[in-house]
Amino acid sequence: QVQLVESGGGLVQAGGSLRLSCAASGLTFTAYGMGWFRQAPGQEREFVAAISRVGGITYYADSAKGRFTISRPNAERTVYLQMNNLKPENTAVYYCATDLGRLSPAARQAEYDYWGQGTQVTVSS
């Protein structure tokens, strides 16, 4: 019954911006970490950004620092990934996931328990 639904992907030119959303449902836990990952065609899924289940501590892949921002506003069950200055190499399917066990933001896929279906981000030159 747990469901994560990503949205906000689309086609954007290089240098443009997108904001991805991840809406969670079916979770009885009041606190959980969230992460964003992406998978380009023919490539392994890689870590992008994460936020801890307590304290709202964020962690970013080096490629995302300064351009991407993960957030989870108060009174919302939606996690966002604001992506600015997008580059063609950012083209991928972006996934969100929940981390029910770790106290710190996690970059390893194995730390996450539930995954969304993904949303396509395409950045053109």
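Heads up: the structure comes first, above all this text.
Everything numeric here is computed off the predicted structure, so don't read it as measured data.

Asker: Sorry, what's going on with the state of the cysteines here?
Answerer: Linking two cysteines covalently via their sulfur atoms produces the bond known as a disulfide. Considering all chains together, one arrives at one disulfide under this definition. Between Cys-22 and Cys-96 runs a disulfide, and the two sulfur atoms are separated by 1.9 Å. Every disulfide takes its handedness from the sign of the S-S torsion; for Cys-22 and Cys-96 that torsion is 60°, giving right-handed. One end of the pair, Cys-22, is in strand β3 (residues 18-25); the other, Cys-96, is in strand β9 (residues 92-99), with 74 residues separating them in the sequence. For the pair shown, Cys-22 and Cys-96 are each scored as buried.

Asker: What's the story with the sheet that holds strand β7 (residues 68-71) in this structure? I'm lost.
Answerer: Working definition: the strands of a sheet are paired by backbone hydrogen bonds and lie parallel or antiparallel to each other. Read across the sheet, four strands follow the order β1-β3-β8-β7 without closing on themselves; strand pairing throughout is antiparallel. Of all strands in the sheet, those with a lone pairing partner are β1 (3-7) and β7, marking the two edges. Taking the axes of each pair of neighbouring strands and ignoring which way they run, one obtains an average angle of 15° across the sheet. Bridging between β7 and strand β8 (residues 78-83) involves four bridges; their strand directions are antiparallel. Each residue of the ladder has a partner; that of Ser-71, found in β8, is Tyr-80.

Basis of the calculations
Residues numbered from 1 in each chain as written. Predicted model: local features only at pLDDT ≥ 70, side-chain atom pairs only at ≥ 80, totals over all residues. Heavy atoms only, no water. Disulfide = S-S within 2.5 Å. Helix = DSSP H or I, 4+ residues; strand = E, 2+ residues; numbered from the N terminus. Buried < 20%, exposed > 50% of the residue type's maximum accessible area, 1.4 Å probe, protein only. Pairing = 2+ DSSP bridges. Axes fitted to C-alpha atoms, helices over the stretch in contact; angles between N-to-C directions.

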